[in-house]
Amino acid sequence: MKRITRIFIIADDALRREIYNHVKKDIPKEWQKEYEYSGTGALGLPLEEDSKSYHYVMDMAKKYDFHPGVDQIVHYTKSEIEKTDYFKMDIATPLELEGTEASVYGTKYEGGCPNPKCHLGKKLVGDVFVDRKYMKKWDIGTLFPDNYMSEKLRELIHSEDITGVSFIGEVKDFKGREMPTYYVMDIEHILPPMAGSTWLINDPYPNPAYNNCGHQVIYLRSDVQYEKEKLIGAKDFNLSSEYIDNNRMQALIVSNRVRKLFKQHKIWARFSPIAVLE
Ligand SMILES: [Zn+2]
């Protein structure tokens, strides 16, 4: 496994090309193809931190006043991935087209943060209501703040004795019309905090609505890392204790069994290896 720093820059085409050509010899071979110059969008440059090329990009950023983003990325070989025990699972978000919250259709929640503009950690009461015409056809997905699974996937999970997930509530059309059945996932096991080496970055532009309660957005800017002992007792489905990224959701941390099951049945999700620190 290799971990490296990645610099993101947004600049005009000529400047991006100049910078890319200057540093491309130092992009390690694992990333060369993926980060080939494409001419569109932000330019990502995986470079060793504190290398000459790294400082060159940072100096150019200062000179031309563009604000680079920096994060960490990892590369695993195929055989390393097969041997990995846990993965961060990213699923379709949101599960319907409008990007609304289910509360818009009358879904009820209770508890969570008392700040009325925040409600972080609120819990579902009863069923979830959506407008069926906006629901997409994914087998698993998020409609804030919960995760959902299709009937087909739930049956699969049960038949394979996958642990750590049970189901609370069903998803129903807000007008009572028929729709494919979805279930709301309930994951009980919350992992201890991620290792201190994980890049969890405070929002550089804090949202005033969260000033009172302190539940600002925290961005995950590296792979997820845990000390070995923190994974003792983990189930097939787990949640991180951190609420991360713009949606302020707990990360789904799943076992390799879940990843293999999804692959075998062609159910889409993105699986990123969890680094275990000895
Ligand atoms: Zn709050």
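Counting restarts for each chain, with residues numbered from 1 along the sequence as it is written. This being a predicted model, a pLDDT of at least 70 is required before a residue's local features are given, and a value of 80 or more before pairs of side-chain atoms are given or counted; all residues contribute to the totals for chains, interfaces and linings.

(A) Expanded view of the overall build of the chain. Tallying secondary structure elements over the chain gives six helices and 18 strands in all. When its C-alpha atoms are laid out on the principal axes, the chain stretches across 60 × 45 × 35 Å. Residues with at least 20 neighbouring C-beta atoms inside 10 Å of their own are called buried, those with 12 or fewer are called exposed, and the rest are partly exposed, where every C-beta is derived from the backbone. Expressed as a percentage of the 278 residues in the chain, the buried residues total 25%. Working definition of a contact: two residues with C-beta atoms, positioned from the backbone, lying within 7 Å. When contacts within the chain are restricted to residue pairs at least 6 apart in sequence, long-range pairs at least 24 apart make up 69% of them. Where helices and strands are cited, they refer to DSSP runs of H or I of at least four residues and of E of at least two residues respectively, numbered from the N terminus.

(B) Geometry of the environment of Phe271. Inspection of the secondary structure puts Phe271 in strand β17 (residues 270-273). Taking the C-beta count within 10 Å as the criterion, Phe271 has 20 such neighbours and is therefore assigned buried. Linking Phe271 and Arg259, residues twelve residues apart in sequence, is a C-alpha distance of 7.0 Å. Every residue in contact with Phe271, bar those within four places of it in the chain, is listed here: Phe87, Met89 and Arg259.

(C) Highlighting the pairing of strand β11 (residues 182-187). Strand pairing is assigned whenever DSSP identifies at least 2 bridges connecting the two strands. The pairing of strand β9 (residues 146-150) with β11 spans three bridges and is classified as antiparallel. The residue bridging Tyr148 from the neighbouring strand is Val184, located in β11. Taken together, the four bridges between strand β10 (residues 165-173) and β11 define a ladder with antiparallel strand orientation. Across the sheet, Phe167 pairs through a bridge with Met185, a residue of β11.

(D) Molecular detail of the domain arrangement of the chain. For the chain, the domain assignment lists domain 1 (2-75) and domain 2 (84-278). On a C-alpha basis, the centres of domain 1 and domain 2 stand 32 Å from each other. An automatic or database domain assignment is the source of the domain bounds shown.

(E) Summary view of the environment of Ile274. On the secondary structure map, Ile274 appears in the loop between β17 and β18 (275-277). Residue classification places Ile274 among the buried residues on the basis of 24 C-beta atoms within 10 Å. Residues Ile274 and Ile81, spaced 193 residues apart in sequence, show a C-alpha to C-alpha distance of 9.8 Å. Contact partners of Ile274, with chain neighbours within four places excluded, come to Tyr86, Phe87, Lys88, Val224, Tyr226 and Ile253.

(F) Representation of helix α3 (residues 52-64) in the model. In this model α3 runs 18 Å from its N-terminal to its C-terminal C-alpha over 13 residues, within 8% of the 18 Å that 1.5 Å per residue would give. One or two residues past the end of α3 sits Asp65, with phi positive at roughly 55°. Multiplying one less than the number of residues by 1.5 Å gives the expected span of a helix.

(G) Structural detail: the sheet that holds strand β4 (residues 86-90). Taken in spatial order, the four strands of this open sheet run β15-β16-β4-β17, and their pairing is antiparallel. Two strands lie at the open edges of the sheet, namely β15 (237-244) and β17, each paired on one side alone. The average angle at which neighbouring strand axes cross in this sheet is 35°, direction not considered. Here four bridges tie β4 to strand β16 (residues 249-255), and the two strands are oriented antiparallel to one another. Among the inter-strand pairings, Tyr86 is bridged to a residue of β16, identified as Ser255. Angles shown run from 0 to 180 degrees and are taken between the N-to-C directions of axes, each axis being a line fitted to C-alpha atoms and, for helices, limited to the stretch in contact.

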